[in-house]
Amino acid sequence: MWRELGKRLVVLVLTVAVVVAIAAGGPALLQGDEEREPLQNPEYEPGEVVPEAMAATGTVETNPDPAADDTGTVVIDRAHSNRFTRADIEPLVDALVREGYHVEFYTEGDLATALEGADAFLVIDPASEYLTGDIDDVRQFTGNGGRLVMIGEPDRTAVSASLFGTSITNQESRLTTLASRYRMSVDTEYLYNQENADGTFKHVVARPTGDGSLDGVDEAAVYTAAAVTAENGTVLLRSAPETYKSGSDEVTGEYPVVVQRNNVLLLGDKTFMRGDRYRVADNEQLVAYVAEFMIEGDYRAPPDVDEDEESGVDTGTDNGTTTNGTTTNGTTPMPAA
Amino acid sequence: MASRIRALLTRIARSYVLFVVIGVVVGLALAPVAWNATSSEGTVAVVPVSGAIDGGTSAGVSSMLQQARADSDVKAVVLLVNSGGGGAAASEEMYLQTKRTAQEMPVITSVDASAASGAYYTIAPSDHIYAKPASTVGSVGVLATTPQTLEPTTIISTTGPNKLTGGDEREFNYILESLGRAFVGAVFEQRGDRLELSRSELEQARIYSGTQAVQNGLVDSIGGRQAAVEHAADEAGLDSYNVRVMRPDGTVRFLSRSNYIASTAPEKKMVSAEYLYGENPSGPVFLMVPAAYLEPSTNESTDSPPVAETGVRVEATVAPGGTHVA
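How each quantity is defined
Residues numbered from 1 in each chain as written. Chains lettered and ligands numbered in written order. Predicted model: local features only at pLDDT ≥ 70, side-chain atom pairs only at ≥ 80, totals over all residues. Helix = DSSP H or I, 4+ residues; strand = E, 2+ residues; numbered from the N terminus. Buried ≥ 20, exposed ≤ 12 C-beta atoms within 10 Å, placed from the backbone. Contact = placed C-beta atoms within 7 Å. Pairing = 2+ DSSP bridges. Nonpolar A, V, L, I, M, F, W, Y, C, P; charged D, E, K, R; others polar. Core = buried A, V, L, I, M, F, W, Y, C linked by C-beta atoms within 7 Å. Axes fitted to C-alpha atoms, helices over the stretch in contact; angles between N-to-C directions. Parallel < 35°, antiparallel > 145°, perpendicular 65-115°, else oblique. Expected span 1.5 Å × (residues − 1). Bend = angle between axes of the 7 residues up to and from the residue. Right-handed = clockwise from strand over helix to strand, strands pointing away. Left-handed = near helix turned anticlockwise from the far one by under 90°.

A.B. asks: Is there a simple way to think about the overall build of chain B in this case?
C.D. replies: Within chain B one finds 11 helices and 15 strands. Going through the 326 residues of chain B one by one, you find that 37% of them count as buried. Of all intrachain contacts in chain B linking residues separated by at least 6 positions in sequence, the fraction that spans at least 24 positions is 72%.

This is the structure in structure tokens:
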């Protein structure tokens, strides 16, 4: 009897084993022809998707003309509600100080007095226009060998929060009256470039034109910059090809962002020399150039110069479009009228 | 009397007529099942994508598309879209799900009021996109709130200088740019052969009306939901088919009452218009009503967006700190 029972138990165990084996193998057999192909995503290839970051290295090494003074003063305008912070100018101030120069701020009072004995006058993003008297003082200054550096910005939208809610204000660089007296102007639209940019379209890559003496600059990066123009001026730096101006027009070009006309320099961006941006690309060389430009100024108290007289060495005209090479002007600027 | 009734019952019981009647009744009861089993060659699954895209939307749509792929009866999918976009990662998940589905069966899209940004990302792998003249499509790009400049202090300590913010503004822009490039690259991968826009034109992130989008290739043709369903059935080679609206939880809802009655699905319900099209998506909403019908006083809460006289309502809501394809 035990033997019979043993046989039945074996049959039972075998049956269980067969059922379990079928249950285990069944799904694999049933799904055998449904192997999924992994999803291929060539559009997400990191080499294509990840933008290559521009290097942020280098130091500001000024190399002014040996004929320039070993010491002097640079006056920075603070009297026209100028919008800049210490971080915006620190790399430039540092370069000037290392060359033995003093930096002073003009906050109020007679501008002619403030500029007396200075070598250069720096005007950054003023929120109010220059009045006629001040313009005459600046022209007097540049007419006698002083150097003027103007830095403008495109119209900017500033968002500020207060107890009464969020307000949006439009900020304009009010350089029109001063710059126009030097036949220069700053555009109101910002530049953008979707192909040649430092991270995002408003951080536009700019390249030297070969005119002027922007040695060591292969590429610079400007941050929400405005196009600048100067009649009979030398374009030192232009935005990369395919740059647009904000707005809906479809015109692309290589817009000037740094122009020089005699002993006046006009830039369309202040952020490139900010503490956390001045090393990007060759921005440090551009900062060095601005410092050298100011150091090489040599203001000498009058004899008067006829204000309407042009130096006559400039050739060509630049109207802000894609044409290159506007002048054969040498690297040594002449005093402006 | 009793004997007469008995005789009648006996006659009825022996008659074939009774059995024929019973047979017809039972047969009619079973008819929808049999009709379904033999008349339909397959099912077109309708997957709604509506409202702001977030993790929940993405999980729901993914689930519906997975169900559609797993169901051997589903031969084609129609995406019914009315969304202005949403979270970037959620949109990418939906893009990948649509792409996988399109590898296995025809996917046709019908755009209702809007398929902008992340919603357009979702539908980009479709075989054919229908839109209406008043639909808005495009806005191919990414936006995000830039992290504030913060510095570890004695109050908040970190192990690294970027732990608080993730990186500075410049680095953040590179991150954003890589997201944008992935988006634009995906649209070109899927529709590059049909797009009349250059890469940089697409990167401008404009929105277009349905008719403009047909011109520039973001959309294939003008048409509505019905056109999309019929197109999907054609693509799948179905002469007769069922249309089933998918639900994230696996229940089934129906577009039409006849489909609803015929179906044997458990937990069946008629679909609501809100489920199909959701609430108004963010972004400009173009209305086709006279201005007199717009009453600003109908805004019940103070934080409702204002309704302009032109009938264009603009809602710009960006959650702080997040990355949005909106």
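A.B. asks: Even after reading the chapter, I still don't get the environment of Ser83 of chain B, so can you show me in this structure?
C.D. replies: Residue and element names in this part refer to chain B. Tracing the backbone shows Ser83 in strand β2 (residues 74-83). Looking at Ser83, the number of C-beta atoms within 10 Å reads 32, which means it is buried. Linking Ser83 and Phe183, residues 100 residues apart in sequence, is a C-alpha distance of 17 Å.

A.B. asks: Which parts of the structure should I look at to understand the sheet that holds strand β7 (residues 184-192) of chain A?
C.D. replies: Note on sheets: strands pair through backbone hydrogen bonds, and any given pair is parallel or antiparallel. Residue and element names in this part refer to chain A. Spatially, β10-β7-β12-β13 is the arrangement adopted by the 4 strands of the open sheet, whose pairing is antiparallel. If you trace the sheet from one side to the other, it starts and ends with β10 (226-230) and β13 (252-253), each paired once. The pairing of strand β12 (residues 243-245) with β13 spans 2 bridges and is classified as antiparallel. Across the sheet, the residue bridging to Thr243 is Gly253, located in β13.

A.B. asks: Is there a simple way to think about the interface of chain A and chain B in this case?
C.D. replies: Many descriptions give the size of an interface as the accessible area lost when the pieces come together. Across the boundary between the two partners, chain A contributes 15 residues, which contact 17 residues of chain B. For the side of chain A that touches chain B, the per-class residue count stands at 7 nonpolar, 4 polar and 4 charged.

A.B. asks: For this particular structure, what's the right way to read the nonpolar core?
C.D. replies: One recurring pattern in soluble globular proteins is that nonpolar side chains are buried together. In terms of nonpolar packing, the biggest core is built from 80 residues, with Phe121, Val149, Val257, Leu266, Val287, Val290 and Met294 of chain A touching the most fellow members. Residue contributions to this core peak at 9 residues, all from helix α7 (residues 283-295) of chain A. Here Leu266 of chain A is in contact with Met150, Gly152, Ala179, Met184, Val228, Ala230 and Val259 of chain A, once residues within four sequence places are set aside. Counting 61 residues, the second-largest nonpolar core is a separate cluster that includes Val77, Leu80, Tyr130 and Ala144 of chain B.

A.B. asks: Which parts of the structure should I look at to understand the packing of helix α3 (residues 55-70) of chain B against helix α4 (residues 88-104) of chain B?
C.D. replies: All names here are of chain B. Between α3 and α4, the least distance of the axes is 9 Å, while the angle of their chain directions is 10°. It follows from the interaxial angle that α3 and α4 lie roughly parallel. When α3 is examined against α4, the residues Gly55, Thr57, Ser58, Val61, Ser62, Leu65, Ala68 and Arg69 are found in contact with a partner set consisting of Ala90, Glu93, Met94, Gln97, Thr98, Thr101 and Glu104. Among the residues making up the contact of α3 with α4, the classes are represented as 5 nonpolar, 7 polar and 3 charged.

A.B. asks: Can you walk me through the environment of Thr113 of chain A in this structure?
C.D. replies: Residue and element names in this part refer to chain A. In this structure, Thr113 sits in helix α4 (residues 111-115). Overall, the presence of 10 C-beta atoms within 10 Å leaves Thr113 in the exposed class. When the C-alpha positions of Thr113 and Asp137 are compared, they lie 8.9 Å apart, and in sequence the two are 24 residues distant.

A.B. asks: Honestly, unusual backbone geometry in this entry has me stumped. Any pointers?
C.D. replies: Negative phi values dominate among residues other than glycine, just as trans dominates among peptide bonds. Residues and elements named next belong to chain A. Positioned with a positive phi, Asn232 is a non-glycine residue whose angle comes to about 60°. Of note, Asn232 is situated in the loop between β10 and β11 (234-239). Positive phi values are uncommon outside glycine, yet Ala281 reaches one of about 50°. When you line up the elements, Ala281 lands in the loop between β15 (264-267) and α7.

A.B. asks: Can you help me understand the sheet that holds strand β3 (residues 120-124) of chain A in this one?
C.D. replies: All names here are of chain A. Here 9 strands make up an open sheet; going across it, the order is β2-β1-β3-β4-β15-β14-β11-β8-β9 and the pairing mixed. Unpaired on one side and paired on the other, β2 (101-106) and β9 (220-223) mark the two borders of the sheet. Across the sheet, the mean angle separating the axes of adjacent strands is 20° when strand polarity is ignored. One ladder, built from 4 bridges, connects strand β4 (residues 147-151) with β15; its direction is parallel. Bridging across to β15, Leu148 finds its partner in Val264.

A.B. asks: Please explain helix α3 (residues 86-98) of chain A as it appears in this structure.
C.D. replies: Since one α-helical turn is 3.6 residues long, residues separated by three or four positions face the same way. All names here are of chain A. Helix length check: α3, at 13 residues, gives a terminal C-alpha distance of 17 Å against a target of 18 Å (1.5 Å per residue), a fit within 8%. Along α3, the largest kink reaches about 30° and is centred on Leu92. Every buried residue belonging to α3 is among Asp88, Ile89, Pro91, Leu92, Ala95 and Leu96, and all of these are buried. Elements that come into contact with the buried residues of α3 comprise β1 (72-77), β2 and α7. Looking one or two residues beyond α3, the residue adopting positive phi is Gly100, at roughly 85°.

A.B. asks: Would you take a moment to explain the environment of Tyr241 of chain B for this structure?
C.D. replies: Residues and elements named next belong to chain B. Mapped onto the fold, Tyr241 is located in strand β10 (residues 241-246). On a C-alpha basis, the gap between Tyr241 and Glu177 in space is 44 Å, while along the polypeptide they are 64 residues apart. Aside from chain neighbours lying at most four places away, what touches Tyr241 is Ser40, Glu41, Gly42, Thr43, Val44 and Ala233.

A.B. asks: Hey, could you run me through the pairing of β2 of chain B in this one?
C.D. replies: Side-chain positions along a regular strand alternate between the two faces of the sheet. Residue and element names in this part refer to chain B. β2 sits mainly inside the fold: 10 of its 10 residues count as buried. As defined by bridge partners, strand β1 (residues 42-50) adjoins β2 across 8 bridges and the pair is classed as parallel. Paired with Ser50 across the two strands is Asn82, which belongs to β2. Crossover connection from β1 via α3 to parallel β2: handedness right-handed. Of the pairings in the sheet, the one linking β2 to strand β4 (residues 107-116) comprises 6 bridges and is parallel in character. Note on β4: the bridge partner recorded for Leu80 is Ser110.

A.B. asks: Which parts of the structure should I look at to understand the pairing of β11 of chain A?
C.D. replies: Residues and elements named next belong to chain A. Within β11, 6 of the 6 residues are buried, which leaves it mostly tucked inside the rest of the structure. As paired strands, strand β8 (residues 203-208) and β11 are joined by 3 bridges and run antiparallel to one another. Opposite Ala206, over in β11, you have Ser239 as the bridge partner. As defined by bridge partners, β11 adjoins strand β14 (residues 256-261) across 4 bridges and the pair is classed as antiparallel. Note that in β14 the partner of Val235 across the bridge is Val259.

A.B. asks: In this structure, what is going on with the packing of α3 of chain A against α7 of chain A? I would like to understand it.
C.D. replies: Describing two packed helices takes the angle between their axes plus the distance from one axis to the other. All names here are of chain A. Axis separation between α3 and α7 bottoms out at 9 Å; the angle between their running directions is 50°. As far as their axial angle goes, α7 and α3 are oblique. Of the two possible hands of crossing, α3 and α7 adopt the one that is right-handed. On α7, the residues that touch Pro91, Leu92, Ala95 and Leu96 of α3 are Val287, Ala288, Val290, Ala291 and Met294. The residue inventory of the contact of α3 with α7, partitioned by class, reads 9 nonpolar, no polar and no charged.

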